[in-house]
Amino acid sequence: MPRPRDIAAIDTLIGFRDRTHAPLVASEKVKWDKHPAEYMFKDLPGELADDVDRDTSIVETLAEMDKHNIRVGVIHTNDDRTAGALKLYPDRFVGIMPTNPHRGMDAVRDIQNAFNEYGLKGVSMFPSGQNPPCPINDKHWYPIYSKCCELNIPVFCTTGVPGPRIPLAAQKIELIDEVCYDFPELKFVMRHGADPWVDLAVKLLLKWPNLYYSTSAFAPKYWPKEIIDFANTRGAEKIIYAGYFPMGLTLDRIFKEMDDVPFKDEVWQKFLHDNAAKVLGI
């Protein structure tokens, strides 16, 4: 059946256009013009002109959200516009914090301070993007996992082969298994495809109650068949919508292609809204 149009979605990865995309990779060897994995995206959303006020991009993102019935957008706190967006539109945006595990307890204190200040809703991890790379099960992450359990907030973790030309070892899917074992309370969301280990990702999603998968950074026509089949069978409560605007995809493209995704009728509400609301506590 076609995608229902009356579901107010939660987009668990959205942001604001800029003059250049913010550096996402700590490695000094990665160079790019517009995006650290620009070779993967043929039609990147345009950048802001030099004479355009950056704050207008917040209103632009809101307009795009309204156009596609996105009620809440999850934004990263390392953008200097985030504080203003959260203050002006507290019912439309929630913040999650990109975290560097090599900062030790300073990173933990930052999470607590953000939680106290504006109700931080989660933590973002990029294991291969750290300098040096920090595998998902590396003990440098464990204080962060502990703090997220204490605050009952999720981690959103880039998984699988990274798009930027950096080593993949830190993001192998089997590393998640140990983390879920050591932190059964931790709400752990796989980002960016888990490719090419999607079969194993599905096995782990079935195994661990607090493990989830989001569709970030992939256009819907490339969403893995294994994930769609899992959502339509035993995994309807485990798959979460995430876009990638403006980092690599337009919402027009995402929602146009989403109309061809063969989710069952009963899956759409959970996929677009309920699962994210549960994980984020909103």
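Provided above is the structure to which this section pertains.
Residues numbered from 1 in each chain as written. Predicted model: local features only at pLDDT ≥ 70, side-chain atom pairs only at ≥ 80, totals over all residues. Heavy atoms only, no water.

Participant: Even after reading the chapter, I still don't get the overall build of the chain, so can you show me in this structure?
Facilitator: When helices and strands are counted, the chain shows nine helices and eight strands. Counting only residues that meet the buried cut, the chain has 55% of its 282 residues in that class. Contacts spanning at least 24 positions in sequence make up 76% of the contacts within the chain whose residues lie at least 6 apart. When the accessible area of the chain is evaluated, it comes to approximately 13000 Å², of which 52% is carbon and sulfur surface. (Helix = DSSP H or I, 4+ residues; strand = E, 2+ residues; numbered from the N terminus. Buried < 20%, exposed > 50% of the residue type's maximum accessible area, 1.4 Å probe, protein only. Contact = heavy atoms within 4.5 Å. Areas by Shrake-Rupley, 256 points an atom, 1.4 Å probe, with all protein chains shown as cover.)

Participant: Would you take a moment to explain the sheet that holds strand S4 (residues 122-125) for this structure?
Facilitator: Spatially, eight strands are ordered S1-S2-S3-S4-S5-S6-S7-S8 in an open sheet, and the strand pairing comes out parallel. The open sheet has two edge strands with one neighbour each: strand S1 (9-11) and strand S8 (239-240). One ladder, built from two bridges, connects strand S7 (residues 211-214) with S8; its direction is parallel. The residue bridging Tyr213 from the neighbouring strand is Ile239, located in S8. (Pairing = 2+ DSSP bridges.)

Participant: Quick question: what am I supposed to make of the environment of Gly163 here?
Facilitator: Position of Gly163 relative to the elements: it lies in the loop between strand S5 (155-158) and helix H5 (175-182). Given a relative accessible area of 17%, Gly163 falls into the buried group. When the C-alpha atoms of Gly163 and His192 are compared, they prove to be 8.9 Å apart, with 29 residues separating the residues in sequence.

Participant: Which parts of the structure should I look at to understand helix H9 (residues 265-280)?
Facilitator: Side chains of residues three or four places apart in an α-helix project in the same direction, reflecting 3.6 residues per turn. Counted at 1.5 Å a residue, the expected span for H9 with its 16 residues is 22 Å, and the 23 Å between its end C-alpha atoms agrees. Along H9, the helix axis deviates most sharply at Phe271, where the bend reaches about 50°. Taken as a whole, H9 has its buried residues at Val267, Trp268, Phe271, Leu272, Asn275, Ala276, Ala277, Val279 and Leu280. Positive phi appears at Gly281, one or two residues downstream of H9, with a value of about 70°. (Expected span 1.5 Å × (residues − 1). Bend = angle between axes of the 7 residues up to and from the residue.)

Participant: Mind showing me how you'd approach the pattern of salt bridges here?
Facilitator: Pairing between side chains of opposite charge can happen when the charged atoms of each approach one another. Taken as a whole and assessed by the stated rule, the structure comprises 18 salt bridges. Note that Lys67 and Asp252 form a salt bridge whose closest N and O atoms lie 2.9 Å from each other. With a gap of 185 residues between them, Lys67 in helix H1 (residues 56-67) and Asp252 in helix H8 (residues 251-258) connect regions that are remote in the sequence. The class of Lys67 is exposed, set by a relative accessible area of 52%. (Salt bridge = Lys/Arg side-chain N within 4 Å of Asp/Glu carboxyl O.)

Participant: How should I be thinking about the packing of helix H3 (residues 105-118) against helix H4 (residues 142-151) in this particular structure?
Facilitator: At a minimum axis distance of 9 Å, the contact between H3 and H4 shows a crossing angle of 20°. In terms of axis orientation, H3 runs roughly parallel to H4. The crossing of H3 and H4 is right-handed. Here Ala107, Val108, Ile111, Gln112 and Phe115 of H3 lie close against H4, whose contacting residues are Pro143, Ile144, Lys147, Glu150 and Leu151. (Axes fitted to C-alpha atoms, helices over the stretch in contact; angles between N-to-C directions. Parallel < 35°, antiparallel > 145°, perpendicular 65-115°, else oblique. Left-handed = near helix turned anticlockwise from the far one by under 90°.)

Participant: Would you take a moment to explain the nonpolar core for this structure?
Facilitator: Grouped burial of nonpolar side chains is what soluble globular proteins tend to show. Core analysis: the biggest nonpolar cluster contains 76 residues, and Tyr145, Phe188, Met258 and Phe271 have the highest contact counts within it. Sort the elements by how many residues they give to this core and H4 lands first, with six residues. (Core = buried A, V, L, I, M, F, W, Y, C linked by side-chain atoms within 4.5 Å.)

Participant: How should the packing of helix H6 (residues 198-207) against helix H7 (residues 225-232) be read in this particular structure?
Facilitator: How two helices pack is summed up by the angle between their axes together with the distance between the axes. Across the interface, H6 lies against H7 with an axial gap of 9 Å and an inter-helix angle of 25°. Between H6 and H7, the crossing angle belongs to the class labelled roughly parallel. Helix-helix and strand crossings are classified by hand; for H6 and H7 the assignment is right-handed. Seen from H6, the contacting residues are Val198, Asp199, Val202, Leu205 and Leu206; seen from H7, they are Glu226, Ile227 and Phe230.

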